Amino acid sequence: MNIFVAGRYSTKVGELWDLSLADLFVEAVNGVINQAELEPPQIEAVFVASKAAGEFNHQLHLNALVSQFFKHQPPAMRIEGACASGGLALIAAEQALLSGQYKTVLVVGAEKMTDVGANRATEILSMAASDDLERGSTFPGLYALLAERHMAEFGTTREQLSAVAVKNHRQALNNPLAQFHQEFNLEQVSCSPMIASPLRLLDCSPISDGAAAVILTSKKIKNKPRIIGFGHAQDSLDLAHRRTLTELVATKRATEQALAMAKLTPQEISLAEVHDCFTIAEIFAIEDLGFFKKGDGGRATLAGETAVGGKVVVNQSGGLKAFGHPIGATGIKQLVYVADQLEQDRCQYGLTHNVGGSGATAVVHILSKQ
Amino acid sequence: MNQIKPADYWRQSKRWAQWLGCEGRVIAATYIKVAGSAHVLAAPYAYVVVKLDGVKEKKELMGVGHERLQTGDKVRCVLRKNPGLDQIGLIEYVLKVAKI
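Position numbers for residues start from 1 in each chain and track the written sequence from start to end. The lettering of chains begins at A and the numbering of ligands begins at 1, in the order of writing. Local features in this predicted model are restricted to residues of pLDDT 70 or higher, and side-chain atom pairs are both shown and tallied only at a pLDDT of 80 or more, whereas totals for entire chains, interfaces and linings draw on every residue. Excluding hydrogens and water, the side-chain figures rest on all heavy atoms present in the structure.

K.L.:
Explain the interface of chain B and chain A to me, using residue names and the numbers behind them.
P.N.:
Interface size is commonly expressed as the accessible area that is lost once the parts come together. It only takes one pair of heavy atoms within 4.5 Å for two residues to be counted as in contact. Contacts between the two partners involve 30 residues from chain B and, on the opposite side, 28 residues from chain A. Buried surface at the junction of chain B and chain A, summed over both partners, amounts to about 2,400 Å²; 48% is from carbon and sulfur atoms. One side-chain nitrogen of Lys or Arg within 4 Å of one carboxyl oxygen of Asp or Glu is enough to make a salt bridge. Between the two partners, chain B and chain A, sit two salt bridges. Glu92 of chain B is the partner of Arg135 of chain A in a salt bridge, and the nearest nitrogen-oxygen pair spans 2.9 Å. Any N or O atom pair separated by 3.5 Å or less is treated as a polar contact, with the protein-specific requirement of one donor-capable and one acceptor-capable atom, and with residues adjacent in sequence counted only for side-chain atom pairs. Here chain B is connected to chain A by 17 residue pairs in polar contact (both at pLDDT 80 or more). Those elements that provide at least two residues to the side of chain B that touches chain A are helix H1 (6-13), strand S1 (23-32), strand S2 (45-52) and strand S3 (57-63) of chain B. For the purposes of this entry, the term helix denotes a DSSP run of H or I that reaches at least four residues, the term strand denotes a run of E that reaches at least two, and both are numbered from the N terminus. It is S1 of chain B that contributes the most residues to the side of chain B that touches chain A, six residues altogether. The residue classification treats Ala, Val, Leu, Ile, Met, Phe, Trp, Tyr, Cys and Pro as nonpolar and Asp, Glu, Lys and Arg as charged. All others, Gly included, are polar. Here the side of chain B that touches chain A is built from residues that sort into 15 nonpolar, eight polar and seven charged. Accessible surface is computed with a 1.4 Å probe, and the buried area is the amount of it that two parts give up when combined, taken over both parts together.

K.L.:
Give me the lowdown on the sheet that holds strand S11 (residues 349-356) of chain A, citing residues and values where you can.
P.N.:
Here we have 10 strands laid out as an open sheet, ordered S3-S2-S4-S7-S1-S8-S12-S11-S9-S10 (chain A), and mixed in their pairing. Each end of this open sheet is capped by a strand with a single partner; those strands are strand S3 (76-79) and strand S10 (313-314) of chain A. For two strands to be treated as a pair, DSSP must find at least two bridges joining them.

K.L.:
Provide a residue-level description of the pairing of strand S8 (residues 226-234) of chain A, including the pertinent values.
P.N.:
Residue and element names in this part refer to chain A. Within S8, seven of the nine residues are buried, which leaves it mostly tucked inside the rest of the structure. Bridge count between strand S1 (residues 3-10) and S8: two bridges; the pairing is antiparallel. Looking across to S8, one finds that Ile3 is bridged to Ile227. Note that S8 and strand S12 (residues 361-368) share eight bridges and pair antiparallel. Note on exposure labels: buried denotes an accessible area under 20% of the residue type's maximum, exposed denotes more than 50%, and partly exposed covers the range between, all computed with a 1.4 Å probe on protein chains only.

K.L.:
For the environment of Arg253 of chain A, give the residues involved together with the corresponding values.
P.N.:
Residue and element names in this part refer to chain A. Tracing the sequence through the fold places Arg253 in helix H9 (residues 249-262). Classification of Arg253 as partly exposed rests on a relative accessible area of 42%. Sequence separation between Arg253 and Gly297 is 44 residues, and the spatial gap between their C-alpha atoms is 19 Å.

K.L.:
Break down empty space enclosed by the protein for me, citing the residues and quoting the values.
P.N.:
Sizing a probe to match a water molecule and rolling it over the atoms shows the empty space that remains. Whether a set of points on the 1 Å grid over the protein atoms alone is a cavity depends on a 1.4 Å probe fitting there but being unable to get out, while an open set qualifies as a pocket with protein on both sides within 12 Å along at least five of seven lines; lining residues are those with an atom within 4 Å of a point. Grid points are joined across faces, edges and corners, and a volume is the space filled by probe spheres set on the points. The tally for this structure, following the rule as stated, stands at two cavities of 30 Å³ or more. As a volume, the largest cavity reaches approximately 200 Å³. Surrounding the largest cavity, 17 residues form its lining, Asp132 and Arg135 of chain A together with Gln12, Trp16 and Leu95 of chain B being those nearest its centre. The set of elements that each furnish at least two residues to the lining of the largest cavity consists of S3 and strand S5 (93-99) of chain B. When residues in the lining of the largest cavity are grouped by element, the largest group, four residues, is from S3 of chain B.

What follows is the structure in structure tokens.
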């Protein structure tokens, strides 16, 4: 498969008071075009990702908003799949390239989340759950149910959950774009305020502003990372209709597709940016992606097997937990980060894993150095 | 505030009779301390996955009041008012579970 990452750009992630949603899109689009050393008219189509700009910013019709940045106003579409919006926009762009309709496209995602209060943000995020079947749920509450089952079934401990947060905050210290540059120890995470038992404040990814963009092309380019596999799968929107509460089936299916396309095994991947919207989500991810057997993810994390220098480096960027989680941008900024590492020759293969809601949507990408 | 819309409430409430009074067992439980704006006055509250005996169905439901629930608890489906700030709009009742 010939899909190359011709250009990539991430904004700083955080509470970006001076920047509006449109400002974030402008910075990402200009940044990626400059980085790719392309002329704007070479962009044939645009794929825009955002979860909830209507609710957060009272702005919809984002495809038109972004297309008008270009004099030639390329065709554009907006894609929404909760926290997997960015991953899904990448999939749509890849399908368009593989179909032969376009040769060079832009994928951009953004979310401006910090202009609303905490309860309103919680309410907007809960729209990723079933309004009918999960009334009263919150996003942390749903992952708390998954955590409770994982802890009961496999003996995953409070300390193991905290180890995810400690590692990702530590790794974010080397990422200048990360929202947080603050280390925590196990005790600080384990004693932070309860949000939805057993998940505490420092188990949760933050509310973030940010944007990210990539230019994908089917034209062969030397010394640029290549997408060699992708997968996309679904599960039931509500937890009650899931076959199991101790694995995310959509992640497993998306991973199988991506690995088959790439002709790789999980053991050949040494760098992974996974969807750690909560600490328990990273433990689910590293098991469902095949890096560790089911029930072993907590132990492996506490043992340092997912930290820099470990068996597989997970969320070297800081992940959603410390790099930040500007929802519509997240799946794209993961790809930007992995492409950066590949181009700097720091690994041979990298993987990204982007999840929507409590696991109803999953997107996996695998990239190689060339 | 994101209270339920009257039209949604009317459609959903027509189905409640099939679950009201049903008993079951909690198979996963959390206690939500930070709620969304529609349920902020109800917090803290239990939120659980329940396996219902009679209808052989799994369902996600809030617990009544501030009652704590845990996996294995035997519960029954009941109707309870959802506390809201709106004094003149819809008075929302919600299907919840109470410990037996």
